[in-house]
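Chain by chain, the residues:
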Amino acid sequence: MTGSTRLVLASASPGRRKVLRGAGMDPVVLVSGVDEDALVAALPDGAGPGEVTTALATAKAEAVAHALDAEVGADCVVIGCDSMLYRDGRLWGKPATEAAAVQGWQAMAGRSGELFTGHCVLRVSGNRIENRAAAHAVTTVRFGRPSAADLDAYARSGEPTAVAGGFTLDGLGGWFVDGVDGDPSAVIGIGLPLTRTLLERVGVSVSDLWAANPLTD
């Protein structure tokens, strides 16, 4: 590699972009447009949380990889991610409404849940996918007990309906998370340790990406 490999984030998530920028890289951001509900419905019965989130991350990365312009697609890595909260025996994505966000928090207050984040890294060269690696991270999140007034205000903020499980670690919801057991960056949406491992599997180093994707502001 010659230091020209662009980093493409297949996600509109401001949290994921913030994690990457905080780690010294300015990614190209492209949104996949994948129909997540249809993809999950097509998975085999009994697919586990890790399989579901990794399948979604892979679909997002592949969709973006096939839509790259020729200049970026000449030499890049595409990272796809998907996060869902696993509690009470099922996966929870983004709450559909403010009321659903409040109900979710009432159910998980004072308890723990597992945040599954699927990751997929595609090595693209000459506008072709040359290599790929995928896996998931699991982080246990210990939820606090927000007051009714705080919970209503949080729901009205619009944040919980925009994020998996109805909470964030790096935003307003951080006030109501008592702790995490595992990788905090994975809770935000992209686990740096796992992503580094996947990059190594496809032959890309962090230092090369630092050189090719410097922060511009």
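Conventions and cut-offs
Residues numbered from 1 in each chain as written. Predicted model: local features only at pLDDT ≥ 70, side-chain atom pairs only at ≥ 80, totals over all residues. Heavy atoms only, no water. 1 Å grid on protein atoms, 1.4 Å probe; cavity = no way out; pocket = protein on both sides within 12 Å on 5 of 7 lines; lining within 4 Å. Points joined across faces, edges and corners; volume = space filled by probe spheres on them. Helix = DSSP H or I, 4+ residues; strand = E, 2+ residues; numbered from the N terminus. Nonpolar A, V, L, I, M, F, W, Y, C, P; charged D, E, K, R; others polar. Salt bridge = Lys/Arg side-chain N within 4 Å of Asp/Glu carboxyl O. Buried < 20%, exposed > 50% of the residue type's maximum accessible area, 1.4 Å probe, protein only. Arc of directions from axis to C-beta. Contact = heavy atoms within 4.5 Å. Axes fitted to C-alpha atoms, helices over the stretch in contact; angles between N-to-C directions. Parallel < 35°, antiparallel > 145°, perpendicular 65-115°, else oblique. Left-handed = near helix turned anticlockwise from the far one by under 90°. Phe/Tyr/Trp six-rings, centres within 6.5 Å; stacked < 30°, edge-to-face > 60°. Lys NZ or Arg CZ within 6 Å of the ring centre and 35° of its normal.

**Focus: the layout of surface pockets**
Then, in step 1: Quantified by volume, the largest pocket comes out at close to 870 Å³.
Then, in step 2: Contributing to the lining of the largest pocket are 36 residues, with Arg16, Lys94, Ala162, Val163 and Ala164 lying nearest its centre.
Then, in step 3: At the level of secondary structure, the elements contributing two or more residues to the lining of the largest pocket comprise α1 (14–22), α2 (36–42), α3 (49–65), β3 (75–87) and α7 (184–188).
Then, in step 4: For the lining of the largest pocket, a count of residues per class yields 17 nonpolar, nine polar and ten charged.
Then, in step 5: Taken together, 19 residues line the second largest pocket, and the ones lying closest to its centre are Trp92, Gly93, Lys94, Pro95 and Ala100.
Then, in step 6: At the level of elements, β3, β4 (90–92) and α5 (98–108) are the ones that each hand at least two residues to the lining of the second largest pocket.
Then, in step 7: A per-element tally of the lining of the second largest pocket places α5 first, with seven residues.
Then, in step 8: When the residues that make up the lining of the second largest pocket are grouped by side-chain class, the tally is eleven nonpolar, five polar and three charged.

**Observations regarding the pattern of salt bridges**
Then, in step 1: Taken as a whole and judged by the stated rule, the model has ten salt bridges.
Then, in step 2: Of the charged contacts, one joins arginine 123 and aspartate 75 as a salt bridge, the two residues approaching to 3.0 Å between their closest N and O atoms. With arginine 123 in strand β5 (residues 112–125) and aspartate 75 in strand β3, this residue pair connects regions lying 48 residues apart in the sequence. Exposure class is identical for arginine 123 and aspartate 75. Each is buried.
Then, in step 3: Here the salt bridges share partners, and the residues they tie into one network are Arg17, Arg21 and Asp26.

**Observations concerning helix α8 (residues 192–201)**
Then, in step 1: Looking at α8, one finds that the buried residues are Leu194, Thr195, Leu198 and Leu199. In an axial view of α8, the angular spread of the buried residues amounts to 140°, which keeps them on one side of the axis.
Then, in step 2: In this structure, the buried residues of α8 make contact with β3, β5, β6 (128–143) and α9 (206–212).
Then, in step 3: Note on α8: the residue one or two positions beyond its end, glycine 203, has a positive phi of about 85°.

**Side note on the packing of α5 against helix α6 (residues 148–156)**
Then, in step 1: At a closest axis distance of 9 Å, the pairing of α5 and α6 adopts a crossing angle of 140°. Here α5 lies oblique to α6, going by the angle between them. The handedness of the crossing between α5 and α6 is right-handed. Note on element contacts: α6 touches α5 through Leu151, Asp152, Tyr154, Ala155 and Arg156, opposite Glu98, Val102, Trp105 and Gln106.
Then, in step 2: Counted by class, the contact of α5 with α6 contains five nonpolar, one polar and three charged residues.

**Describing the packing of aromatic side chains**
Then, in step 1: Inspection of the entire model under this criterion finds six aromatic pairs.
Then, in step 2: Judged by centre distance (5.5 Å) and plane angle (80°), the ring pair of tryptophan 105 and phenylalanine 143 falls under edge-to-face. Remark: phenylalanine 143 occurs in strand β6 and tryptophan 105 occurs in helix α5; sequence separation between them is 38 residues.
Then, in step 3: Geometrically, the ring pair formed by tyrosine 154 and phenylalanine 176 is edge-to-face, given 5.8 Å between the ring centres and 65° between the ring planes. Here tyrosine 154, found in helix α6, pairs with phenylalanine 176, found in the loop between α6 and β7 (177–181); they are 22 residues apart in sequence, far enough to count as distant. Comparing tyrosine 154 with phenylalanine 176, the two get one shared label, buried.
Then, in step 4: Three or more aromatic residues link up through ring pairs in this structure, and these residues are Trp105, Phe143, Tyr154, Phe167 and Phe176.
Then, in step 5: In this structure, arginine 87 packs its charged tip against the face of tryptophan 92, placed 4.1 Å from the ring centre.
Then, in step 6: The ring of tryptophan 92 is capped by arginine 90, whose NZ or CZ atom sits 3.7 Å from the centre of that ring.

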